[in-house]
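Chain by chain, the residues:
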Amino acid sequence: MIDINKIRAETPAASRLAYLHNAGAALMPVPVVTAMKGHIDLESGIGGYAAADGESDRLEAVYGSVARLLNAAPDEIGLMENATVAWQMAFYALPFRKGDRILTAEAEYAANYVAFLQVAKRTGAIIDVVPSDPVGEFDISALERMIDGRVKLIAITWVPTNGGLVNPAAAVGKIARAHGIPYLLDACQAVGQMTVDVEDIGCDMLSATGRKFLRGPRGTGFLYVRRALLQRLEPPMIDHFAAPWVSRDEYRLRDDARRFETWENNYAARLGLGAAVDYALDIGMGPIEQRCRMLADRLRGGLAAIRGITIRDLGRAPGAIVSFTMDGYEANAIVSSAAGADITIGASDPSSTRIDAEIRALPQLVRASPHYYNTEAEIDRLIDHLARLAPR
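Residues numbered from 1 in each chain as written. Predicted model: local features only at pLDDT ≥ 70, side-chain atom pairs only at ≥ 80, totals over all residues. Heavy atoms only, no water.

Draft legend 1. Inspection of the overall build of the protein chain at higher detail. Helix and strand counts for the protein chain come out as 15 helices and 15 strands. For the protein chain, the C-alpha radius of gyration of 21 Å lies close to 21 Å, the compact-globule estimate for 392 residues. For the protein chain, the proportion of its 392 residues judged to be buried stands at 57%. Long-range pairs, those at least 24 residues apart, make up 70% of the contacts in the protein chain with a sequence separation of at least 6. As presented, the protein chain carries roughly 16500 Å² of accessible surface, and 52% of it is formed by carbon and sulfur atoms. (Helix = DSSP H or I, 4+ residues; strand = E, 2+ residues; numbered from the N terminus. Rg over C-alpha atoms; globule rule 2.2 N^0.38 Å. Buried < 20%, exposed > 50% of the residue type's maximum accessible area, 1.4 Å probe, protein only. Contact = heavy atoms within 4.5 Å. Areas by Shrake-Rupley, 256 points an atom, 1.4 Å probe, with all protein chains shown as cover.)

Draft legend 2. Highlighting the sheet that holds strand β11 (residues 309-311). One open sheet holds the four strands; their spatial order is β11-β12-β15-β14, and the pairing between them is antiparallel. Looking along the sheet, the strands with just one partner apiece sit at the ends: β11 and β14 (346-348). Strand after strand, the sheet turns through a mean of 40° between neighbouring axes, direction not considered. As defined by bridge partners, β11 adjoins strand β12 (residues 322-326) across three bridges and the pair is classed as antiparallel. Bridge pairing in β12 links Ile311 to Phe324. Along the sheet, helix α12 (residues 285-304) contacts β11, β12 and β15 (365-368); its crossing angle with β12, the most-contacted strand, is approximately 15°. (Pairing = 2+ DSSP bridges. Axes fitted to C-alpha atoms, helices over the stretch in contact; angles between N-to-C directions.)

Draft legend 3. Representation of the sheet that holds strand β8 (residues 221-225) in the model. Strand order in the open sheet formed by seven strands is β2-β8-β7-β6-β5-β3-β4, with mixed pairing between adjacent strands. Where the open sheet ends on each side, the last strands, each with one partner, are β2 (77-80) and β4 (126-130). For this sheet the average axis-to-axis angle between neighbouring strands, irrespective of direction, equals 20°. Together, β2, β7 (205-209) and β8 form the strand contacts of helix α4 (residues 56-70), whose direction differs from that of β2 by roughly 115°. Helix-sheet contacts for helix α5 (residues 83-91) involve β2, β3 (101-105), β5 (151-157), β6 (183-186), β7 and β8, and the interaxial angle to β7 is about 165°.

Draft legend 4. Broad picture of unusual backbone geometry. Phi is positive for Asn71, close to 60°, though the residue is something other than glycine. We classify Asn71 as partly exposed; its relative accessible area is 39%. Located in the positive-phi region is Arg215, a residue other than glycine, with phi close to 70°. Structurally, Arg215 is set in the loop between β7 and β8. Owing to a relative accessible area of 1%, Arg215 belongs among the buried residues under this scheme.

Draft legend 5. Summary view of helix α11 (residues 267-283). The terminal C-alpha atoms of α11 lie 25 Å apart, and with 17 residues this matches the ideal 24 Å at 1.5 Å per residue to within 8%. Here α11 lies mainly inside the structure; 13 of its 17 residues are buried. One side-chain oxygen of the residue at the start of α11 lies 3.2 Å from the amide nitrogen of Ala268, identifying that residue as Asn266. (Expected span 1.5 Å × (residues − 1). Polar contact = N/O pair within 3.5 Å; in protein donor to acceptor, adjacent residues only side chain to side chain.)

Draft legend 6. Looking closely at the packing of α12 against helix α15 (residues 376-389). For the pair α12 and α15, interaxial distance at closest approach is 10 Å and the crossing angle is 20°. Classified by the angle their axes make, α12 and α15 are roughly parallel. By crossing handedness, the relation of α12 to α15 is classed as right-handed. Between α12 and α15, the residues in contact are Arg291, Met294, Leu295, Arg298, Leu299, Gly302 and Leu303 and Glu376, Ile379, Asp380, Leu382, Ile383 and Leu386, respectively. Of the residues contributing to the contact of α12 with α15, the split by class is eight nonpolar, one polar and four charged. (Parallel < 35°, antiparallel > 145°, perpendicular 65-115°, else oblique. Left-handed = near helix turned anticlockwise from the far one by under 90°. Nonpolar A, V, L, I, M, F, W, Y, C, P; charged D, E, K, R; others polar.)

Draft legend 7. Molecular detail of the pattern of salt bridges. Summed over all chains, the structure comprises 24 salt bridges. A salt bridge links Glu199 to Arg226, with the shortest nitrogen-to-oxygen separation between them at 3.0 Å. In this pair, Glu199 is assigned in helix α9 (residues 198-201) and Arg226 in the loop between β8 and α10 (227-230), connecting sequence segments 27 residues apart. Look at Glu199 and you get partly exposed, because its relative accessible area is 42%. Here Arg300 makes a salt bridge to Asp297, at a shortest N to O gap of 3.4 Å. Of this pair, Arg300 and Asp297 are both found in helix α12, three residues apart, which corresponds to roughly one turn of the helix. Of the residues examined, Arg300 reaches a relative accessible area of 11% and is grouped as buried. A relative accessible area of 44% places Asp297 in the partly exposed class. (Salt bridge = Lys/Arg side-chain N within 4 Å of Asp/Glu carboxyl O.)

Draft legend 8. Structural context of the packing of aromatic side chains. Overall, the coordinates contain eight aromatic pairs when judged by the stated rule. Between Tyr372 and Tyr373 the ring centres are 6.0 Å apart and the planes differ by 80°, which places this aromatic pair in the edge-to-face class. Lying over the aromatic face of Phe241, Arg254 brings its terminal NZ or CZ to 4.8 Å of the ring centre. The lysine or arginine in question, Arg258, covers the ring of Tyr63, its NZ or CZ lying 3.5 Å from the ring centre. (Phe/Tyr/Trp six-rings, centres within 6.5 Å; stacked < 30°, edge-to-face > 60°. Lys NZ or Arg CZ within 6 Å of the ring centre and 35° of its normal.)

Draft legend 9. Representation of the nonpolar core within the structure. With 89 residues, the main nonpolar core has Leu70, Ile154, Trp158, Leu206 and Phe222 as its most contacted residues. When residues in this core are grouped by element, the largest group, seven residues, is from α12. Contacts of Trp158, omitting those with residues within four sequence positions, involve Leu165, Val166, Asn167, Ala169, Leu185, Asp186, Ala187, Ala190, Met194, Thr195, Val196 and Ile201. Of all hydrophobic cores here, the second largest spans 28 residues; its members include Ala86, Trp87, Val225 and Ala257. (Core = buried A, V, L, I, M, F, W, Y, C linked by side-chain atoms within 4.5 Å.)

So yeah, pure geometry; function would need other evidence.
Below, the structure is given as structure tokens:
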């Protein structure tokens, strides 16, 4: 289903590294790099404005590619500098007043939670954390019980940064729709490793990055806003691209999700993002998700057999982020040791998911995140390396 030899040939670094840090920033395939370099060369030859004009059709096509990835419409897509900006533009466009409630998850990402805190400080809105169920997933029954007329937003992270947990995003969407509550989904770690269908999920807004499992360049991201909600949201900041100045005393917001964009952007990076999305779509998100889960499960199985290792992942069907600790070693020491063996992994700090980390008394975690271009042999290399480090 996946031509691994072809894909690895288009991922040059895979020939020298066992690269298992895709939850941080994945290796870009050759078509992505080629798209970016080609546009930079064009800009250097004819200037940035002329280059953008000449590539207008390809730049416009990026919206369609992202829309196909999400099962959305192109006019519901805004292209952003990163996932955080995408999330912020949606969140800060929502009006909150004193007593309004924001429902979120225990494993919510730090960048999102500090925004909740800021809005709570400014407006008097209330942040309520929905507890997790016995397996660590966002508790749907508790969510239902916590809803009342003051709930103005449900905002959760689908796949938290600190482990393999996959929250029940579609189940949340059904409840949000039933109660008419806006639903903002952080899909930063989900897009690129899992099938993402906004109609099936039922979210009203979704943010994601290009650099992680999507294998795109850094400095890229996108925002989805459902058309029915879009017309009711005014971005927290605008320029004359988002809202053309139509008369001396009037601006008019665009009708599409580009009302959240600004006029200036990195066109080379956008073309790289589009190439990354098309690359994933050509392979197929179904096969990608299947292979990611297979490799992650293989890694968890190998780690479980090593003395002194504790796997820290939660949920019924964990995704392709494997988090663990090892007795006698700090996380960064394990990351450094693996790097010496040409194995690239990462670490997750408790401050990135503070509530979950405090509830579970988590230290800094080792984080290994395989992707479809990895091989079973690379997974076994990491397992063998850790086994040699394990206390006897």
